[in-house]
Amino acid sequence: MNQALNPVDGFKPKRFFLLIILFVGILLASILFSIVVGPTPLDLSNVLAGNDAQKDVFKVVSIRIPRAFAALIVGGCLAVAGVIFQALIHNPLASPYILGVSAGGSLGTVCAIAFGFVYLIPFSFLGCVVAILLVFFVARSNGRLFADTLLLSGVIVNTFFSACIMFVTYMTGSDQTLRIMRWIIGGIADLYEWTTLGVGLSVLFVLTVWLCFWGRVLNLLSISDDTAERMGVDIQRVRIRMFLLASLLTATAVSISGPIGFVGLIIPHILRLIIGVDHRLLIPISALAGASFLVVANTLASVIWRVPLPVGMITAFIGGPFFIWLLKTREIRRSGYGN
């Protein structure tokens, strides 16, 4: 087995910390960019000097900083979830969007909105869990879960839940329908409660750190199920546990922003080509890179048109051609999960 594709050993702490510092710097720069750049002009010097600039202070403190943190949470959650799904299915084309998990979370949130609930994360997580259970039910054969059928099962479940979302939207009153439609497009709103952001940031941080300790196991699973079994890994238990953790990350992202696609596909794949496939490094770097990517994408979405666009449109414009490129090139085989 090629050592580059078998990163069970050879972890370098110095490289790990240098890359963490680099991507933390990129994330801080993206947040600063999102504060300075926006659909309306901002006199940052007045804000920093503490002058009487209540309008600019409100823009920074109440709109741009919370919006940047919301994008940070969503991007980080989706990127880490994408890494986990791709490792478990041995396929770099897997993502929360494609596997139906995002659609399940979206259905849960749409139902919560339709019935007037305020807190959406529990309903989103419940929808993600139901989607995962359906994927498991469809993919399970002779008491085992096979990676090659999980992806196809996810596509089926995604189609089913998308139809359910359309049905609930159609049957809902006009006031809630408009809110649902805006949410389905996938976007970062202007106003967020810090309580919601605090919960989301806690989920992202805790699960990312926790998953890092499972990096070596994910390395084994990403090679093959047989390799993991020979090394003493309980594949079925680990796969279920990792799917549930990735579902919680997806639910957190979906409840904040709606179903934003392709982040969980683009970021892990690019990083895998740049830094390798060792999940002890790939998981935390994906969290930072996904957060930075969506913060910048959301800022650009707010300024490239005369009215702010949903960031889901931007990620779709980027992710669509990228997905086609993945299908049309042989890079998949060199990325660590191709067959």
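Residues numbered from 1 in each chain as written. Predicted model: local features only at pLDDT ≥ 70, side-chain atom pairs only at ≥ 80, totals over all residues. Heavy atoms only, no water.

Asks: I keep staring at the overall build of the protein chain and nothing clicks. Help me out?
Replies: Of the regular secondary structure elements, the protein chain holds 15 helices and two strands. The contacts in the protein chain between residues at least 6 apart in sequence include a share of 78% that link residues at least 24 apart. Per element, the accessible surface of the protein chain, about 15,900 Å² overall, is 69% carbon and sulfur. (Helix = DSSP H or I, 4+ residues; strand = E, 2+ residues; numbered from the N terminus. Contact = heavy atoms within 4.5 Å. Areas by Shrake-Rupley, 256 points an atom, 1.4 Å probe, with all protein chains shown as cover.)

Asks: Please clarify how the nonpolar core should be interpreted in this entry.
Replies: One recurring pattern in soluble globular proteins is that nonpolar side chains are buried together. Grouped together as the largest cluster of nonpolar side chains are 95 residues, with contacts concentrated most on F85, M242, F243 and L249. Counting residues in hydrophobic clusters, the runner-up holds five residues, among them L93, L265, I266 and L326. (Core = buried A, V, L, I, M, F, W, Y, C linked by side-chain atoms within 4.5 Å. Buried < 20%, exposed > 50% of the residue type's maximum accessible area, 1.4 Å probe, protein only.)

Asks: Quick question: what am I supposed to make of the pattern of salt bridges here?
Replies: Oppositely charged side chains can form a pair if their charged atoms are brought close together. One pass over the full model with this rule turns up two salt bridges. With its nearest N and O atoms 3.8 Å apart, the salt bridge here joins R237 to D234. A salt bridge links R280 to D278, with the shortest nitrogen-to-oxygen separation between them at 3.0 Å. Take R280 and D278: they sit in the same class, and that class is buried. (Salt bridge = Lys/Arg side-chain N within 4 Å of Asp/Glu carboxyl O.)

Asks: Before we go on, may I ask you to explain the packing of aromatic side chains in this structure?
Replies: Within a pair of aromatic rings, the relevant descriptors are the distance that separates the centres and the angle that separates the planes. Throughout the structure, instances matching the rule amount to five aromatic pairs. Relative to W194, the ring of F69 has its centre 6.0 Å away and its plane inclined at 65°; by these criteria the two rings are edge-to-face. Taken together, the positions of F69 in helix α3 (residues 54–89) and W194 in helix α8 (residues 194–212) put the pair 125 residues apart, joining distant regions of the chain. Accessibility expressed as a relative area gives 49% for W194, which makes it partly exposed. (Phe/Tyr/Trp six-rings, centres within 6.5 Å; stacked < 30°, edge-to-face > 60°.)

Asks: Just to check I follow, could you spell out α3 for this structure?
Replies: The periodicity of an α-helix, 3.6 residues per turn, causes residues three or four places apart in sequence to face the same way. In this model α3 runs 51 Å from its N-terminal to its C-terminal C-alpha over 36 residues, within 8% of the 52 Å that 1.5 Å per residue would give. In α3, a bend of some 30° at V60 exceeds every other bend along the element. Across the 36 residues of α3, 28 count as buried, placing the element largely inside the fold. In the segment just after α3, H90 is the residue with positive phi, at about 60°. (Expected span 1.5 Å × (residues − 1). Bend = angle between axes of the 7 residues up to and from the residue.)

Asks: What is the right way to look at the packing of helix α4 (residues 101–114) against helix α7 (residues 174–185) in this model?
Replies: When two helices pack together, their arrangement is given by the angle between the helix axes and by the axis-to-axis distance. Running from amino to carboxyl end, α4 crosses α7 at an angle of 155°, the nearest separation of the two axes being 10 Å. Between α4 and α7, the angle falls in the class roughly antiparallel. Along this stretch, α4 crosses α7, giving a crossing that reads as right-handed. Residue-level contacts link S106, T109, V110, I113 and A114 of α4 to Q176, R179, I180, W183 and I184 of α7. Across the contact of α4 with α7, the residue classes tally to six nonpolar, three polar and one charged. (Axes fitted to C-alpha atoms, helices over the stretch in contact; angles between N-to-C directions. Parallel < 35°, antiparallel > 145°, perpendicular 65-115°, else oblique. Left-handed = near helix turned anticlockwise from the far one by under 90°. Nonpolar A, V, L, I, M, F, W, Y, C, P; charged D, E, K, R; others polar.)

Asks: I tried to follow a nonpolar patch on the surface on my own but got confused; where do I start?
Replies: Together, F33, L300, V303, I304, W305 and V307 line one region of the surface with nonpolar side chains, adding up to about 520 Å² of accessible area. Relative to the helices and strands, L300 resides in helix α13 (residues 279–303). (Patch = residues over 30% accessible without salt bridge, like charges linked within 9 Å, V, L, I, M, F, W, Y side chains within 5 Å.)

Asks: Explanation requested: unusual backbone geometry in the structure shown.
Replies: Positioned with a positive phi, F262 is a non-glycine residue whose angle comes to about 80°. Here F262 lies in the loop between α11 (235–257) and α12 (263–275).

Asks: Even after reading the chapter, I still don't get the environment of G187, so can you show me in this structure?
Replies: When you line up the elements, G187 lands in the loop between α7 and α8. Each C-alpha atom, one on G187 and one on V311, is 5.0 Å from the other, the two residues being 124 residues apart in sequence. With residues near it in sequence (within four places) discarded, G187 still touches Y192, I256, S257, I260, P310 and V311.

Asks: Help me out: how do you make sense of the packing of helix α1 (residues 13–36) against α13 in this one?
Replies: The contact between α1 and α13 brings their axes to 9 Å, and the two run at 15°. Regarding the angle of α1 to α13, the classification is roughly parallel. Handedness of the α1/α13 crossing: left-handed. The segment α1 lies against α13, with R15, F16, L19, I20, F23, V24, I26, L27, S30, I31, F33 and S34 engaging R280, L281, P284, I285, L288, A289, A291, S292, V295, V296, T299 and L300. Residues that form the contact of α1 with α13 fall into these classes: 18 nonpolar, four polar and two charged.

Asks: Can you walk me through the state of the cysteines in this structure?
Replies: Disulfides are covalent bonds that link the sulfur atoms of two cysteine residues. Evaluated as defined, the whole model comprises zero disulfides. The thiol of C111 is not disulfide-bonded; the next cysteine sulfur, from C164, is found 8.3 Å away. (Disulfide = S-S within 2.5 Å.)

Nothing here speaks to function; it is geometry throughout.
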